[in-house]
Amino acid sequence: MRAHARIAFTLLGAAAFGCSTSQPASTTTAAAPVPTSGDVTERRFVDSVLAGMTLEEKAGQLNQLTGLGAPTGPGGAPAGFQQIRRGEVGSFLNVVGRDTVIALQKIAVEQSRTHIPLLFALDVIHGFRTIFPVPLAESNSWDPAAAERSARAAAAEAAVQGISWTFAPMVDIARDPRWGRIVEGAGEDPYLGAIIAAARVRGFQGTNLRDPTTIAATVKHFAAYGAAEGGRDYNIADVPERTLRDVYLPPFQAAVCAGVATLMAAFNEVDGVPAHADRKLLTDILRGEWHFDGAVVSDWTGIGELLNHGVGADSGTVGRLAMNAGVDIDMVSEIYRKQLPSLVRTGRVDRQTLDEAVRRMLRLKYRLGLFQNPYRVGTTAQARAVALTTENRTAAREVARESIVLLKNDRNTLPLSKNVRRLAVIGALAADSGAVLGNWSAFGRAEDGVSVLTGIKRLVSPRTRVVYERGAGPMNDDTTGIAKAVRAARDADAVVLVVGESPTQSAEAESRAIIELSGAQQRLAQAIVATRKPVVVVLMNGRPLALQWLNDNVPAILETWFLGVEHGNATADVLFGDYNPGGKLTTSFPRVTGQVPIYYNHRNTGRPPAADNKYTSKYNDVPWTPLYPFGHGLSYTTFRYGTPRLSATTMRPGDSIRVDVNVTNEGKVAGDEVVQLYVRDDVGSVTRPVQELRGFRRLRLTPGETRTVSFAIGVQDLAFYNADLARVAEPGTFTAFVGGSSANTIKLPFRMETANGQAVAVPGTCESVR
Ligand code: BGC
């Protein structure tokens, strides 16, 4: 795992720098002018610092270095004390821990001429020490409050270690599961993605960045990184501007509206313009339309990679392109440090442009309170007290359970009885307490993780004999364990077969051309199914997999993703019925790889697929539908939907229509249902998606209980970008769909009318986006 490797290097930081960490750090030595009361405004303070800086020091503020060396990525020169002393470094990534942070900060604030504190960043993606579900998994909870809580917990654990800045949330909409980074986002839907993006920003940042338990968030990767062609990481994104605005940008804008402190540019290009040189994206849209006043950071060597993109032939040119486009901070390339002073002196970059970028960096430091307390780091005792607390573990187990999706459950195979006499648990992943953490797991430790096997053993009755066999794993074709696994299955009353991916398979630079089961897992599954024992499949994976064979051959499938430290406990809770699963998919699952990209909010085409018409848009060897659709997820109980009621069948732009639907738990156990509302614009001036999510509510119902769920459809729910790229809602007929999955809904027609029969403008302001 790349992130792990980078951090491991970093922890050597202080010693390798030859720095003594035994000296207690003073917390009052910042010699920069310190604002002491609210009468000193941010702007005046920032300008006063800026006024005292040389061109070289300004460029230095925008220079971000990585801890020590770059274990895997290109670039990333080792930083030395000298560079900090000379004011050539504004921030570090992958420098963590009290001693190291204090040692480096001391140099910056005591020995550099400007005394400007450093800023320390880390990819805190889904937990710091208490690892929560990977973001894709967490989105399956459809619980933004849970996403906010997990980000809050992660921020507190990271902040005490001196981290003030995370490169999360990643909000890239992903429609192609071949792309390994689909694991880092919230799936394929912009509406849900926007709500989760805002929740995670609130979680990391709290209400005030000066609160020492908060960290600045970064919304990334701007933009359309998830649209990498063919699912190949870093590839071009061929996305027209309307799709960009309708599908890929909403979660970014939602994060900006939620006050996100920083934004990261994407590695990819869109329509011939690499994001790091895209002034329209980074300045016109981000600042002009959305009024973002935070800082834009490049991705790892993203500025230098403009050379490979072929939009500049030398470092000076690409540095100029990036700065003029609106990239404020250079992660690792060191092009800004080396080029900006001369670019400004020769007039190729305006002094004001540079100053504005530096202001943004200083403002971030100011807002974090670093000028007052550069040592934004807890004591060792504090660090210990906040890490992996019982409270955090409980929260992690709760959101882990909420994130599990029951994909299939024929004849109520699940839940299993805790009194089963002999249970075979099979699969290399089943006993892997490190895999449960998933990728980008910061300081999570395998020994803190609870494997599926351990979770099961803890929960079954003492009389149950649990037999474990490795069988096979996802990473190699070794079939030698299969025979023993088959024997264990034959002797058992039930089998839990754990298959899926290693966390290293769903990550950055981990695109897969084949998303069927990897390694020898398919052969293992076939051999186990052939025993004719009752088999329950537990999936651990970071992307949708193509599971047609499993679906056709096993009675029950539970999608558990990578759920973090409490993975095994949460999974066992669901397997044995202590928790009734209620998660729903936020990505469509294809039947076979060849179906991707496949996503629910597609457009209709002139020849929508029809069984009785060959000349329609489909394959002739695989059905056109996904195996499991967006929004799908079963429960141990059943929910009945009443006929939804609309408060009116016609609305005007200033009104809204209320949709009420009664949902009843018809079964014998309590359970959660995610009630979903979709809307279709039946006729538009440009083609419109067949369905778009416009509301959802997760609710818990006791047996026999009925609740009424209400949604409001307003004009913003009907808005889209038209042929002139104006955000409008057009009068006409619409269809609302209500149900427990995008493929299982009740439809209701309604109309929107405008005074003059023309479209109305619906500006994309924070009020009208979520
Ligand atoms: C990734 C970013 C990440 C950065 C710093 C890059 O390779 O694309 O998402 O924040 O590294 O680790």
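Just so you know, these numbers come straight off a predicted model, no measurement behind them. (Residues numbered from 1 in each chain as written. Predicted model: local features only at pLDDT ≥ 70, side-chain atom pairs only at ≥ 80, totals over all residues. Heavy atoms only, no water.)

### Details of the overall build of the protein chain
Right, so step 1: A tally of helices and strands in the protein chain yields 23 helices and 28 strands.
Right, so step 2: A compact globule built from 770 residues should have a C-alpha radius of gyration of about 27 Å, and the protein chain, at 27 Å, falls within 12% of that.
Right, so step 3: Projecting the C-alpha coordinates of the protein chain onto the three principal axes gives extents of approximately 75 × 70 × 50 Å.
Right, so step 4: By residue count, 63% of the 770 residues in the protein chain fall in the buried class.
Right, so step 5: If you take every contact in the protein chain between residues at least 6 apart in sequence, the share linking residues at least 24 apart comes to 79%.
Right, so step 6: On the protein chain, roughly 27200 Å² of surface is accessible, and the fraction owed to carbon and sulfur atoms is 49%. (Helix = DSSP H or I, 4+ residues; strand = E, 2+ residues; numbered from the N terminus. Rg over C-alpha atoms; globule rule 2.2 N^0.38 Å. Buried < 20%, exposed > 50% of the residue type's maximum accessible area, 1.4 Å probe, protein only. Contact = heavy atoms within 4.5 Å. Areas by Shrake-Rupley, 256 points an atom, 1.4 Å probe, with all protein chains shown as cover.)

### Quick look at the packing of helix H3 (residues 42-51) against helix H16 (residues 351-367)
Right, so step 1: Where H3 contacts H16, the two axes come as close as 9 Å, and the packing angle between them is 120 degrees. Our classification of the angle between H3 and H16 gives oblique. Classified by chirality, the crossing of H16 by H3 is right-handed. Along its contact with H3, which presents Glu 42, Arg 43, Phe 45, Val 46, Asp 47, Val 49 and Leu 50, the element H16 presents Asp 355, Val 358, Arg 359, Leu 362, Arg 363, Tyr 366 and Arg 367.
Right, so step 2: Of the residues belonging to the contact of H3 with H16, the class tally is seven nonpolar, no polar and seven charged. (Axes fitted to C-alpha atoms, helices over the stretch in contact; angles between N-to-C directions. Parallel < 35°, antiparallel > 145°, perpendicular 65-115°, else oblique. Left-handed = near helix turned anticlockwise from the far one by under 90°. Nonpolar A, V, L, I, M, F, W, Y, C, P; charged D, E, K, R; others polar.)

### Considerations on the sheet that holds strand E25 (residues 727-729)
Right, so step 1: Pairing in this open sheet of three strands is antiparallel, and the strands run E24-E25-E28 from one edge to the other. Unpaired on one side and paired on the other, strand E24 (720-721) and strand E28 (760-761) mark the two borders of the sheet.
Right, so step 2: With two bridges connecting them, E25 and E28 associate as antiparallel partners. Across the sheet, the residue bridging to Val 728 is Ala 761, located in E28. (Pairing = 2+ DSSP bridges.)

### Structural notes on the sheet that holds strand E19 (residues 650-651)
Right, so step 1: Taken in spatial order, the five strands make up an open sheet running E19-E27-E26-E21-E22, and their pairing is mixed. Both edges of this open sheet fall to E19 and strand E22 (692-701), since each of them pairs with a single strand only.
Right, so step 2: With nine bridges joining them, strand E21 (residues 671-681) and E22 adopt antiparallel strand pairing. The partner of Gln 676 across the bridge, within E22, is Phe 696.

### Overview of the environment of Arg 98
Right, so step 1: Note that Arg 98 resides in helix H6 (residues 98-111).
Right, so step 2: By relative accessible area, Arg 98 is classed as partly exposed at 29%.
Right, so step 3: When the C-alpha positions of Arg 98 and Lys 418 are compared, they lie 46 Å apart, and in sequence the two are 320 residues distant.
Right, so step 4: Beyond its immediate sequence surroundings of up to four residues, Arg 98 is in contact with Gln 161, Val 377, Gly 378, Thr 379 and Thr 380.

### Thoughts on the packing of aromatic side chains
Right, so step 1: One pass over the full model with this rule turns up 19 aromatic pairs.
Right, so step 2: An angle of 70 degrees between the planes, with centres 5.9 Å apart, marks the rings of Trp 561 and Phe 589 as edge-to-face. One end of the pair, Trp 561, is in the loop between strand E16 (556-559) and helix H23 (567-575); the other, Phe 589, is in the loop between H23 and strand E17 (639-641), and 28 residues separate them in sequence. No difference in accessibility class separates Trp 561 from Phe 589, as the two residues are buried.
Right, so step 3: Three or more aromatic residues joined by ring pairs make a cluster, and in this case those are Trp 142, Tyr 191, Tyr 600, Phe 630, Tyr 678 and Phe 696.
Right, so step 4: Sitting above the plane of the Tyr 599 ring, Arg 175 keeps its charged end 3.8 Å from the centroid.
Right, so step 5: When the ring centre of Tyr 615 is taken as origin, the NZ or CZ atom of Lys 614, which lies over that ring, is 5.8 Å away. (Phe/Tyr/Trp six-rings, centres within 6.5 Å; stacked < 30°, edge-to-face > 60°. Lys NZ or Arg CZ within 6 Å of the ring centre and 35° of its normal.)

### Re empty space enclosed by the protein
Gaps left between atoms show up when a probe the size of a water molecule is rolled over them.
Right, so step 1: Tallied over the entire structure, the rule returns six cavities of 30 Å³ or more.
Right, so step 2: Roughly 60 Å³ of internal volume is contained in the second largest cavity.
Right, so step 3: Considering the residues around the second largest cavity, the lining is formed by Met 53, Glu 57, Gln 61, Ile 84, Gly 87, Val 89, Ala 108, Ser 112, Thr 114, Ile 116 and Leu 118. (1 Å grid on protein atoms, 1.4 Å probe; cavity = no way out; pocket = protein on both sides within 12 Å on 5 of 7 lines; lining within 4 Å. Points joined across faces, edges and corners; volume = space filled by probe spheres on them.)

### Here we look at the pattern of salt bridges
Right, so step 1: Inspection of every chain in the model, using the stated rule, returns 44 salt bridges.
Right, so step 2: Here Arg 397 ties to Glu 566 by a salt bridge, and the two come within 4.0 Å at their closest N and O atoms. In this pair, Arg 397 sits in helix H18 (residues 390-403) while Glu 566 sits in the loop between E16 and H23, placing the two residues 169 residues apart along the sequence.
Right, so step 3: The exposure class of Arg 397 is partly exposed, given its relative accessible area of 27%.
Right, so step 4: Residue Lys 584 pairs with Glu 673 through a salt bridge whose shortest N-O separation is 3.0 Å. On the criterion of sequence distance, the pair formed by Lys 584 in the loop between H23 and E17 and Glu 673 in strand E21 is long-range, its members being 89 residues apart. (Salt bridge = Lys/Arg side-chain N within 4 Å of Asp/Glu carboxyl O.)

### Some words on the environment of Gln 522
Right, so step 1: Secondary-structure assignment places Gln 522 in helix H21 (residues 521-529).
Right, so step 2: Note on Gln 522: relative accessible area 24%, which makes it partly exposed.
Right, so step 3: Residues Gln 522 and Phe 45 lie 477 residues apart in sequence; the distance between their C-alpha atoms is 62 Å.
Right, so step 4: Every residue in contact with Gln 522, bar those within four places of it in the chain, is listed here: Leu 517 and Trp 549.

### Points about the pairing of strand E3 (residues 119-122)
Working note: regular strand, side chains alternate between the two faces of the sheet.
Right, so step 1: Of the two faces of E3, the one carrying Leu 119 and Ala 121 and the one carrying Phe 120 and Leu 122 are both buried.
Right, so step 2: Tracing the backbone out of strand E2 (residues 91-93), into H6 and back to the parallel element E3 gives a crossover that is right-handed.
Right, so step 3: With two bridges joining them, E3 and strand E4 (residues 165-166) adopt parallel strand pairing. If you follow Leu 122 over to E4, its bridge partner there is Thr 166. (Right-handed = clockwise from strand over helix to strand, strands pointing away.)

### Focus on unusual backbone geometry
Right, so step 1: A cis geometry characterises the amide bond from Ala 168 onward to Pro 169, with omega recorded as 10 degrees.
Right, so step 2: As for its position among the elements, Pro 169 is in the loop between E4 and helix H9 (190-205).
Right, so step 3: Despite not being glycine, Asn 94 has its phi angle at roughly 65 degrees, a positive value.
Right, so step 4: In this model, Thr 301 sits at a positive phi of 60 degrees, which is unusual for a non-glycine residue.
Right, so step 5: Among the secondary structure elements, Thr 301 is positioned in the loop between strand E9 (295-297) and helix H13 (306-309).

### Thoughts on the nonpolar core
Right, so step 1: Judged by nonpolar contacts, the single largest core of 115 residues is most densely connected at Trp 165 and Phe 222.
Right, so step 2: Broken down by element, this core gets its largest block of residues, seven residues, from H16.
Right, so step 3: Setting aside anything within four residues of it in sequence, one finds Phe 222 in contact with Leu 249, Phe 252, Leu 263, Met 264, Ala 265, Ala 266, Ala 275, Leu 281, Leu 282, Leu 286 and Trp 290. (Core = buried A, V, L, I, M, F, W, Y, C linked by side-chain atoms within 4.5 Å.)

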